[in-house]
Each structure stands twice: as C-alpha cells, then as structure tokens.
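Residues per chain are reported as follows:
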Amino acid sequence: MFLTALVMRRQGAIVRSFERAGATGSASARTAGEWGLKPDMAWYQLVGRAVLRCPGGGRYYLDRPSWLRLRKRRQITGLFMAAVIVWLMALWLWLRVKAV
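A short tour of the structure in this document, coming up.

Conventions and cut-offs
- Residues numbered from 1 in each chain as written.
- Predicted model: local features only at pLDDT ≥ 70, side-chain atom pairs only at ≥ 80, totals over all residues.
- Heavy atoms only, no water.
- Helix = DSSP H or I, 4+ residues; strand = E, 2+ residues; numbered from the N terminus.
- Rg over C-alpha atoms; globule rule 2.2 N^0.38 Å.
- Areas by Shrake-Rupley, 256 points an atom, 1.4 Å probe, with all protein chains shown as cover.
- Lys, Arg positive; Asp, Glu negative; His and termini not counted.
- Charge placed at Lys NZ, Arg CZ, Asp CG, Glu CD.
- Axes fitted to C-alpha atoms, helices over the stretch in contact; angles between N-to-C directions.
- Parallel < 35°, antiparallel > 145°, perpendicular 65-115°, else oblique.
- Contact = heavy atoms within 4.5 Å.
- Nonpolar A, V, L, I, M, F, W, Y, C, P; charged D, E, K, R; others polar.
- Pairing = 2+ DSSP bridges.

**A short note on the overall build of the chain**
Thought 1: Of the regular secondary structure elements, the chain holds four helices and three strands.
Thought 2: Helices and strands appear in the chain in the N-to-C order α-β-α-α-β-β-α.
Thought 3: For the chain, the C-alpha radius of gyration of 19 Å lies well beyond 13 Å, the compact-globule estimate for 100 residues.
Thought 4: For the chain, the accessible surface area stands at approximately 7,200 Å², while carbon and sulfur atoms represent 65% of it.
Thought 5: Computed over 17 positive and 4 negative side-chain charges, the inter-centroid distance for the chain is 11 Å.

Below, the structure is given as structure tokens:
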C-alpha cells in the first residue's frame, strides 16, 4: 500500500512537470532527459495507461484527458473501497451486538 502511494505521488510529479512545460501535444513532446526526468516504474505505468504518449523518437507528451480519466477511476475505486470497509465494520458491530 505504501509503495502504491509513492508511485502515485511520483506520477503526479511527472504529470505536473509536463503540465508546467505545456507538453500536451505531439508538437511539444520531448525526451525524458530533456525534462530532467529519469524513466522509472511510475513513468512506465503512465506510458502503459496512455497518459504519456510517444509520437516517436523517444519523445513524450501528456495526454491530459487520459490523465483525468485515470484520476477519476482512482477516486471511484478509493470511494468504493472505503464504502466496503465501512460496511464490513458495521456488519462486524451488528454481529457482535446480536451475539450478546
């Protein structure tokens, strides 16, 4: 869980660097070295989810709609998991009260 949080934080930093540079299209794509970034697990996950797109030549740019979809999916998953935990806790409490 801790590793996941670190990767997500790193992904946010990568995306912010692309946003600050205005690299949101193939015309503004650059290599990781030009961004001062070193490709790591977070980078390759963003590439795999089509958040970072490669028009060729090892250059990348940010696909903002893909990033927004990924963030929305993560928010929904987090809310769902929180609801499941609350439901399980309520069930556990109900079973304890019923057993007394």
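**Looking at the packing of helix 1 (residues 2–21) against helix 3 (residues 41–48)**
Thought 1: Contact pair helix 1 / helix 3: the axes reach a minimum separation of 9 Å and the direction vectors enclose 70°. Viewed along their axes, helix 1 and helix 3 adopt a mutual orientation that is roughly perpendicular. When helix 1 is examined against helix 3, the residues L3, V7, R10, Q11, I14, V15 and F18 are found in contact with a partner set consisting of M41, A42, W43, Q45 and L46.
Thought 2: Each residue belonging to the contact of helix 1 with helix 3 can be placed in one class, and the counts come to nine nonpolar, two polar and one charged.

**Regarding the sheet that holds strand 3 (residues 59–62)**
For sheets, the rule is that strands pair by backbone hydrogen bonds, running either parallel or antiparallel.
Thought 1: Strand order in the open sheet formed by three strands is 1-3-2, and the pairing between neighbours is antiparallel. Since the sheet does not close on itself, it has two edges, and those belong to strand 1 (30–31) and strand 2 (52–56), each with one partner.
Thought 2: Strand direction decides the pairing type here: strand 1 and strand 3, joined by two bridges, are antiparallel. Considered in strand 3, the bridge of R30 is made with Y60.

**Structural notes on the pairing of strand 3**
Thought 1: Here three bridges tie strand 2 to strand 3, and the two strands are oriented antiparallel to one another. Note that in strand 3 the partner of G56 across the bridge is R59.
Thought 2: Between strand 2 and strand 3, which pair antiparallel and follow one another directly, the connecting turn spans two residues, one of which, G57, has a positive phi of 70°.

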